[in-house]
Amino acid sequence: MWEKIEGFSDLQGTPKIGKKLRDARERLGMSGESAANSAGLSSAQTLYGYEKDRREPDFSALIRLCNTLGETPNSLFSFPDFNRALMADVMVAVDEFMIANRRKVDARIKAQLCFAVYDALVAEPDKLRDDNGQLDLSELMGLMRLAL
């Protein structure tokens, strides 16, 4: 789950979710036994292992725990919310830039470029929009040309 892919930056967030699991369970007033049973875990000891960050739940157990505790994987791992509509807009803008400048790049580089533009938009959302609220990537185009 936390494997680093060569050429890509590390995942943001933290793999330490134990305290958040315990806090969510206690907030709901659930015992370890009842939470483990509701999530379909083999025992409360399994849950306590997760809560003490001695073990990591597999994907299926993680989803069941999130459902039981009213959490999401993003909140447990402290991932920022991901705006799919914004990413779609960014992908279209980057494609239009590539076509307009007659550029072709490797898919990995294009993906990194899309995420860099996305991150810039998340950091300063109003700075890269025109008066009508449409994406205006003209300020980033010089940097994109340099990158390509």
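If you're wondering where the values come from, they're calculated on a predicted model, not measured in any experiment.

### A look at the overall build of the protein chain
Part 1 of the reasoning: Looking only at helices and strands, one finds 8 helices and 0 strands in the protein chain.
Part 2 of the reasoning: In the protein chain, the succession of α and β elements from N to C terminus is α-α-α-α-α-α-α-α.
Part 3 of the reasoning: For the protein chain, the residues scored as buried account for 29% of the 148 residues in total.
Part 4 of the reasoning: Taking all contacts inside the protein chain whose residues are at least 6 apart in sequence as the whole, residues at least 24 apart take part in 58%.

### Comments concerning the confidence of the model for the protein chain
Part 1 of the reasoning: Residues with a pLDDT of 70 or more make up 80% of the protein chain, whose mean pLDDT is 79.
Part 2 of the reasoning: Across residues 1-11 the pLDDT falls below 50, and counting only partners more than four positions away or on other chains, this stretch makes 19 contacts in the model.

### Details of the side chain of Glu51
Part 1 of the reasoning: Tracing the sequence through the fold places Glu51 in helix α3 (residues 44-51).
Part 2 of the reasoning: Look at Glu51 and you get buried, because its relative accessible area is 6%.

### Here we look at unusual backbone geometry
Negative phi values dominate among residues other than glycine, just as trans dominates among peptide bonds.
Part 1 of the reasoning: The backbone phi angle of Asp53 is positive, close to 55°, even though this residue is not glycine.
Part 2 of the reasoning: Examined against the element boundaries, Asp53 turns out to sit in the loop between α3 and α4 (59-69).
Part 3 of the reasoning: For Asp53, a relative accessible area of 30% corresponds to the partly exposed category.

What counts, and where the lines are drawn
Position numbers for residues count from 1 along each chain, tracking the sequence in the order it is written. A pLDDT threshold of at least 70 governs which residues receive local features in this predicted model, and a stricter bar of 80 or more applies before side-chain atom pairs are shown or counted, although totals over entire chains, interfaces and linings include all residues. As a rule here, side-chain values cover all heavy atoms of the structure and leave hydrogens and water aside. Strands here mean DSSP runs of E at least two residues long; helices mean DSSP runs of H or I at least four residues long; both are numbered from the N terminus. Only protein chains enter the accessibility calculation, which uses a 1.4 Å probe; a residue is then buried when its area is under 20% of its type maximum, exposed when over 50%, and partly exposed in between. Contacts are residue-level and defined by heavy atoms, with any inter-residue pair within 4.5 Å sufficient. Here pLDDT means the predictor's own confidence in every residue, given as a number from 0 to 100.

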